[in-house]
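# Analysis of the macromolecular model
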Amino acid sequence: ISIYKNLIDILNKENFNIIGEEPTALCKNWFYHGVNDGKVNILQKKVYNFFHNETKTKTKFNLWTTYKSYAIDLEGKGYKGGFVPLNIRATNDYIETTAVAYLANIYFDPNIKGFFVNHNIEVNEDLFALSELIQFLFRSAIRKKEKITLYIPSKRMRTLLIRWLD
């Protein structure tokens, strides 16, 4: 794990991350309500700023994800083509990407969680969320042990990753 700590440069600027301070910020329900109250529009501007002003990477080096049904709300010039669904697995198609935006805060589907709980099966939402995040990150250049810059505005998701790296 320690090798990856030095390869992931996590954007840690308050003006970028303030949007994700709440524990449920960037969860699926947040997006559902955020489209109407302007939060998703604010996030889209921050994502654009990340790719255009922070990393200054060309489109082919940009990779980002969110819930598929809200991707259109976050698209922008210079990174639109770098969208990949959250659940992408086992592909080397994005191995050259060095600027990554993870725009989600993963929780169990309440129905699935309820099933497990009703059958006395312990669920660990944080471990599940972290595993989903790590799976996604390994679609990028980090897979080749190359440095990436990561924008992860959800404080919860960012904290889970930092703790894992430490």
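For the structure itself, look to the data block above.
Computed from a predicted structure; not experimentally measured. (Residues numbered from 1 in each chain as written. Predicted model: local features only at pLDDT ≥ 70, side-chain atom pairs only at ≥ 80, totals over all residues. Heavy atoms only, no water.)

## Focus on the overall build of the protein chain
Along the backbone of the protein chain there are eight helices and four strands. Start at the N end of the protein chain and walk to the C end: the helices and strands fall as α-β-α-α-α-β-α-β-α-α-β-α. Against the globule reference of 15 Å for 166 residues, the protein chain gives a C-alpha radius of gyration of 16 Å, in line with a compact fold. For the protein chain, the residues scored as buried account for 45% of the 166 residues in total. Within the protein chain, contacts between residues separated by at least 24 positions form 75% of all contacts whose residues are at least 6 apart in sequence. (Helix = DSSP H or I, 4+ residues; strand = E, 2+ residues; numbered from the N terminus. Rg over C-alpha atoms; globule rule 2.2 N^0.38 Å. Buried < 20%, exposed > 50% of the residue type's maximum accessible area, 1.4 Å probe, protein only. Contact = heavy atoms within 4.5 Å.)

## Points about the nonpolar core
Formed by 50 residues in total, the largest nonpolar core has its most connected members in Trp30, Phe31, Leu43, Tyr102, Leu103, Leu150 and Tyr151. Here the element with the most residues in this core is helix H7 (residues 125-137); it accounts for six residues. In this structure, Leu43 is in contact with Ile19, Leu26, Trp30, Phe31, Leu74, Leu103, Tyr151 and Pro153, ignoring residues within four places of it in sequence. (Core = buried A, V, L, I, M, F, W, Y, C linked by side-chain atoms within 4.5 Å.)

## Some remarks on the layout of surface pockets
Considered as a void within the structure, the largest pocket measures approximately 510 Å³ in volume. In this structure, the largest pocket is lined by 17 residues; those nearest its centre are Lys28, Tyr67, Leu86, Ile106 and Tyr107. For the lining of the largest pocket, the secondary-structure elements that each account for two or more residues are helix H6 (110-118) and H7. Split by residue class, the lining of the largest pocket holds ten nonpolar, three polar and four charged. (1 Å grid on protein atoms, 1.4 Å probe; cavity = no way out; pocket = protein on both sides within 12 Å on 5 of 7 lines; lining within 4 Å. Points joined across faces, edges and corners; volume = space filled by probe spheres on them. Nonpolar A, V, L, I, M, F, W, Y, C, P; charged D, E, K, R; others polar.)

## What to know about the environment of Ala129
Structurally, Ala129 can be placed in helix H7. You can call Ala129 buried: its relative accessible area is 0%. Sequence separation of Ala129 and Ala104 is 25 residues, and the distance between their C-alpha atoms is 9.6 Å. When sequence neighbours within four positions are dropped, the list of residues in contact with Ala129 reads Ile106, Arg156, Met157 and Leu160.

## Regarding the sheet that holds strand S4 (residues 148-151)
What the four strands build is an open sheet, ordered S1-S4-S3-S2; its pairing is parallel. Sheet topology places strand S1 (8-10) and strand S2 (62-65) at the edges, where each strand pairs with a single neighbour. On average, each strand axis in the sheet is tilted by 20° relative to the strand beside it, whichever way the strands run. Here strand S3 (residues 99-102) runs beside S4; their pairing, made up of three bridges, is parallel. Directly across from Ala101, in S4, lies its bridge partner Tyr151. Contacting S1, S2, S3 and S4, H7 crosses the sheet at an angle of about 155° to S3. (Pairing = 2+ DSSP bridges. Axes fitted to C-alpha atoms, helices over the stretch in contact; angles between N-to-C directions.)

## A look at the side chain of Asn17
Take Asn17: it is sitting in helix H2 (residues 14-17). For Asn17, a relative accessible area of 3% translates into the label buried. From its side chain, Asn17 meets the backbone oxygen of Leu11 in a polar contact 3.2 Å long. Filtering out sequence-adjacent residues up to four positions away, Asn17 remains in contact with Leu11, Asn12, Tyr151, Ile152, Pro153 and Arg158. (Polar contact = N/O pair within 3.5 Å; in protein donor to acceptor, adjacent residues only side chain to side chain.)

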